[in-house]
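Examining the three-dimensional arrangement
In case you want the letters, here they are:
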Amino acid sequence: MKLLEDRIIQDGTIKPGGVLKVDNFLNHQIDTGLLYEMACEWKRLYVNCNINKILTIEASGIGLASMTGYVFGCPVLFAKKSKTVNISPDVYSVEVPSFTHKTVNTVMVSREYLHADDRVLIIDDFLATGAALKGLIALTELAGATVVGCGIAIEKEFQGGGPELRAQGYRIESLARIQSMTDDGKILFASGN
Ligand code: 5GP
């Protein structure tokens, strides 16, 4: 999506360890107009897919997922991160290593809000190694629900998660796919832009 790629070039900054900072429009301050356009793009890509629930992970996915839920006209469920070891029988839970914080979180959703007849679109801001997405897929499948697909704002293709999950048959629609980025600020998109 050209609009998003242009914004990454304009406002993104590259941090050590292959981390892209986009606090200006996505991860701290939020550009709602841009998020609306992104949500509309996923609506176009997933037209006629009968999606009835959006699933994301706290905290940075919530803004994006909320806009997407509004555009799709369906509820948004966000998986909660917890350090608690006492997992209640009322939740589905999985372990997810964090790319940015280098910790492992227990991630959970209430059984009350995720059901076997749900057709789920998973939304997240970034796709790197795929750990967060694998966790969300696992939660969906634990509930017996269907993963219709995933919508990612920014995929860093070179960190491997996207290619691995697509090879497993999951549909992933990333609106900006970064093929490579260098510490001196050069970003190459898979689209060729
Ligand atoms: P993964 O689990 O695929 O390795 O990483 C995805 C998760 O880590 C996302 O939920 C996102 O919050 C965070 N993340 C991964 N890479 C980046 C990045 O370059 N910048 C930011 N801001 N977050 C990232």
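Relevant structure appears above.
These notes cover the structure that comes with them. (Residues numbered from 1 in each chain as written. Predicted model: local features only at pLDDT ≥ 70, side-chain atom pairs only at ≥ 80, totals over all residues. Heavy atoms only, no water.)

This brings us to the overall build of the protein chain. The helix and strand tally for the protein chain stands at six helices and 10 strands. Its C-alpha atoms give the protein chain a radius of gyration of 16 Å, near enough to 16 Å, the size a compact globule of 193 residues would have. Put simply, the protein chain has 193 residues, and 48% of those count as buried. Of the roughly 9300 Å² of accessible surface on the protein chain, a fraction of 53% belongs to carbon and sulfur atoms. Distance between charge centres in the protein chain, computed from 19 positive and 22 negative side chains, equals 1 Å. (Helix = DSSP H or I, 4+ residues; strand = E, 2+ residues; numbered from the N terminus. Rg over C-alpha atoms; globule rule 2.2 N^0.38 Å. Buried < 20%, exposed > 50% of the residue type's maximum accessible area, 1.4 Å probe, protein only. Areas by Shrake-Rupley, 256 points an atom, 1.4 Å probe, with all protein chains shown as cover. Lys, Arg positive; Asp, Glu negative; His and termini not counted. Charge placed at Lys NZ, Arg CZ, Asp CG, Glu CD.)

Turning next to helix 1 (residues 2-11). Those residues of helix 1 not exposed but buried are L4, E5, R7 and I8. Each buried residue of helix 1 sits inside an arc of 160° when the element is viewed along its axis, so together they form one side. Seen from the buried face of helix 1, the exposed residues on the opposite side, beyond 90 degrees, are I9 and Q10. Of the surrounding elements, those touching the buried residues of helix 1 are strand 2 (19-21), helix 2 (23-27), helix 3 (32-45), strand 8 (146-156), strand 9 (172-181) and strand 10 (187-189). (Arc of directions from axis to C-beta. Contact = heavy atoms within 4.5 Å.)

Under the definition given, this model contains 11 salt bridges. One salt bridge connects D31 with R7, and the closest N-O pair in it is separated by 2.6 Å. Of this pair, D31 sits in the loop between helix 2 and helix 3 while R7 sits in helix 1, placing them 24 residues apart in sequence. Exposure remark for D31: the relative accessible area of 23% places this residue in the partly exposed category. The partner of E173 in a salt bridge is R171, with the nearest N and O atoms 2.9 Å apart. One salt-bridge network, in which partners are shared between bridges, spans R7, D11 and D31. (Salt bridge = Lys/Arg side-chain N within 4 Å of Asp/Glu carboxyl O.)

Each neighbour pair has its own omega, and for E58 with A59 the value is 0°, a cis peptide bond. Structurally, A59 is set in the loop between strand 3 (53-57) and helix 4 (62-72). The backbone of N48 sits at a positive phi, close to 60°, despite the residue not being glycine. Positionally, N48 belongs in the loop between helix 3 and strand 3. Residue class for N48 comes out exposed when judged on its relative accessible area of 71%.

Between two packed helices, the angle of one axis relative to the other and the distance separating the axes together describe the packing. Where helix 3 meets helix 4, the axes come as close as 9 Å, and the angle between the chain directions of the two elements is 55°. Classed by the angle they form, the pair helix 3 and helix 4 counts as oblique. Seen along the crossing, helix 3 lies across helix 4 with a hand that is right-handed. Of the residues in helix 4, those in contact with T32, L35, Y36, M38, A39, C40, W42 and K43 of helix 3 are G63, L64, M67, T68, V71 and F72. (Axes fitted to C-alpha atoms, helices over the stretch in contact; angles between N-to-C directions. Parallel < 35°, antiparallel > 145°, perpendicular 65-115°, else oblique. Left-handed = near helix turned anticlockwise from the far one by under 90°.)

These figures capture arrangement, not role.
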